[in-house]
Amino acid sequence: AKTYAVFQVESQGMMDALKRMKPNCIEDIVALVALYRPGPMENIPAYCEVKNGLKERISIHPLIDDILEETQGIIVYQEQVMQIAQVMAGYSLGEADLLRRAMGKKIKEAMDAERPKFEKGAAENGVDTSKASEIFDLLEKFANYGFNKSHAAAYAVVSYQTAWLKANHPVEFMAAVMNCDLHITEKLNVYKQEIDRLGIKIFPPCINNSGAKFTVHDGSIYYALGGLKNIGVDAMEMVVKIRGNKSFVNIYDFARRVNLKRIGRRPLEMLARAGAFDILDSNRQKIFKALDALIDYSSAANEDRNSTQVSLFGNTGEDLPEPRIVKTGDWLPMERLSQEHLAVGFYLSGHPLDDYSTALKRNKIINFSEVEDKVKNGASIIKIAGTVTARQERKSARGNRYAFVQLSAALFVEHTHPNLQLLFTLMKHEPEVAIRANTPSPPKPPPPPPQPPYRPRLAWRERRRRCTWRSSGGTRRRGCARREGSGRSRPPPSRPNRPCARPRPTMLTIRSD
């Protein structure tokens, strides 16, 4: 079920239901749209089993079996509730609609009044009273969350149309879908993963070839300039309009023809980080550091073009001296990918683990496509690697610390943290891997110094008797019989701390059940 970006059926639960159902007609999609909601969702397994011949269809009553034929003997739609009341109990369509409304809104007085009427009408058609009461209870249950078939059919038609477009025109469809969510980085990442699975070539943003939005050329998709972070579509449409059919020759030509001051420094930084200027100069760090000089040069060129004075070379700004750009080395591959990640929101042209593919294979670390195959074969322990892109540490109600770690693209990492229990969820597109770590306890503290044995304090009468003595003159004086000259007894020593439990070894496992 490759239904990512398909209307109404793009969630993981919908895809699992489609795999089980194996729809072969539009009615199956209509039923799935109506069933996939809280309440009727519990009937999806029965629907799929009956449809695929794994289970016998349960007959409620011969009078209404033909009404439930298209939904495998399950009451799914509100229209079916009305039709059953009409056929079995002799209701008119208006009366059946009132019954459906009373059941849906749980109007007890109205339902109590309708039950004898339903049983009487069913008896006239030869239905036993107990069976009629049972069917009335069944209608009451399903009418509570029954879906309108006309609505479900409208949704299913759009789902079928979008699925047809994706199956027959995948390149154009995926480009259009990405344009709908141009500024939602999380969805763009999901769609990029789907494009890779479909085998469609996607080119990184290019100042000479890309448009303000995602475009299609020769069966490939060019990443949108307006799809980068902190870049407006209007500014990029201005750049594309100025470019026209004449590509930019170099970075100075770009600065002369486009007013960079109107675009702003922040969008230009994102363009440089994403590699949009690679076709003009492949040294991204040099372009990034020269942006201030290029903006000043562009501003001067545009002022000269808009001035009333006429130059011997024309009013194109070409007579202005080009700024000197300090030569500097390009970013290292890892830093280059990191800067690209800041601009795009995910890794587009490569992945930091590409250089370690040989070592990962040698250590039997697999990628996500192989994880799916192992899960199909049953429970297993797997090793996966990746790059941590975000982490959120939290504390449970019991005081235990745990964290959510988000990892990049299609590879994963085993991540540990001292005295921290990590618990994540394995997802398919923006991979958040489920890792549970049994971390060691804190180191055992040194033993406390030896203390004298603890003596409980005496009762106040005994303490007063021992600490009172007579002097030679007969005067009673207060003191301590155990320590002369001291008015206070020694405080009891504190109890030593209990030794900590033996630390457990760290163990990182990932189980796919």
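Residues numbered from 1 in each chain as written. Predicted model: local features only at pLDDT ≥ 70, side-chain atom pairs only at ≥ 80, totals over all residues. Heavy atoms only, no water.

Engineer: Could you give me a rundown of the overall build of the chain, with the residues and numbers involved?
Structural biologist: Helices and strands together make up the secondary structure of the chain, namely 20 helices and 12 strands. The buried share of the chain, reckoned over its 513 residues, is 40%. For the chain, the share of sequence-separated contacts (at least 6 apart) that also reach a separation of at least 24 residues comes to 55%. For the chain, the accessible area works out to roughly 30300 Å², and carbon and sulfur atoms hold 52% of it. (Helix = DSSP H or I, 4+ residues; strand = E, 2+ residues; numbered from the N terminus. Buried < 20%, exposed > 50% of the residue type's maximum accessible area, 1.4 Å probe, protein only. Contact = heavy atoms within 4.5 Å. Areas by Shrake-Rupley, 256 points an atom, 1.4 Å probe, with all protein chains shown as cover.)

Engineer: Account for the environment of Phe203, with residues named and values stated.
Structural biologist: Summarising the element assignment, Phe203 is placed in strand β1 (residues 202-203). Residue classification places Phe203 among the partly exposed positions, given a relative accessible area of 28%. In this view, Phe203 contacts Ser220, Ile221, Tyr222 and Tyr223; residues no more than four positions away in its chain are not counted.

Engineer: Can you explain the packing of aromatic side chains? Please cite residues and give values.
Structural biologist: In the structure shown here, the tally under the stated rule is 11 aromatic pairs. On the basis of an interplanar angle of 75 degrees and a centroid distance of 4.8 Å, the ring pair of Phe214 and Tyr223 is categorised as edge-to-face. Relative accessible area serves as the criterion here: at 5%, Phe214 is assigned to the buried category. Relative accessible area serves as the criterion here: at 0%, Tyr223 is assigned to the buried category. One aromatic cluster is present, formed by Phe7, Phe147 and Tyr155 through successive ring pairs. Between Lys117 and the ring centre of Tyr91, over which it is positioned, the NZ or CZ distance is 4.9 Å. Note that Lys201 overlies the ring of Phe203, its terminal NZ or CZ placed 5.4 Å from the centroid. (Phe/Tyr/Trp six-rings, centres within 6.5 Å; stacked < 30°, edge-to-face > 60°. Lys NZ or Arg CZ within 6 Å of the ring centre and 35° of its normal.)

Engineer: I'd like a description of the sheet that holds strand β2 (residues 215-217), backed by residues and values.
Structural biologist: Taken in spatial order, the 3 strands of this open sheet run β1-β3-β2, and their pairing is mixed. Strands with a single pairing partner mark the edges of an open sheet, and in this sheet they are β1 and β2. Relative to strand β3 (residues 220-222), β2 is paired through 3 bridges, and the arrangement is antiparallel. By the bridge assignment, Thr215 is partnered in β3 with Tyr222. (Pairing = 2+ DSSP bridges.)

Engineer: Let's hear about the nonpolar core: which residues, and what values?
Structural biologist: By size, the foremost hydrophobic cluster in this structure holds 55 residues, and its most contacted members are Phe254 and Phe277. Top element by residues in this core is helix α9 (residues 170-180). It accounts for 6 residues. Aside from chain neighbours lying at most four places away, what touches Phe254 is Ile207, Val239, Phe248, Leu260, Leu268, Phe277 and Leu280. (Core = buried A, V, L, I, M, F, W, Y, C linked by side-chain atoms within 4.5 Å.)

Engineer: Lay out the pattern of salt bridges with the relevant residues and their values.
Structural biologist: Enumeration over the complete set of coordinates arrives at 24 salt bridges. With its nearest N and O atoms 2.9 Å apart, the salt bridge here joins Arg265 to Glu269. Within this pair, Arg265 and its partner Glu269 are both found in helix α14 (residues 265-274), separated by 4 residues, close to a single helical turn. One network of salt bridges, with partners in common, ties together Arg265, Arg266, Glu269, Arg273 and Asp292. (Salt bridge = Lys/Arg side-chain N within 4 Å of Asp/Glu carboxyl O.)

Engineer: Give me the packing of α14 against helix α17 (residues 333-344): which residues, what numbers.
Structural biologist: Interaxial distance between α14 and α17 falls to 7 Å at its minimum, and their mutual angle equals 135 degrees. One finds that α14 runs oblique with respect to α17. Here the hand of the crossing between α14 and α17 comes out left-handed. For the pair α14 and α17, contact is made by Met270, Arg273 and Ala274 and by Gln339, Glu340, Leu342, Ala343 and Val344, respectively. Looking at the contact of α14 with α17 residue by residue, the class counts come to 5 nonpolar, 1 polar and 2 charged. (Axes fitted to C-alpha atoms, helices over the stretch in contact; angles between N-to-C directions. Parallel < 35°, antiparallel > 145°, perpendicular 65-115°, else oblique. Left-handed = near helix turned anticlockwise from the far one by under 90°. Nonpolar A, V, L, I, M, F, W, Y, C, P; charged D, E, K, R; others polar.)

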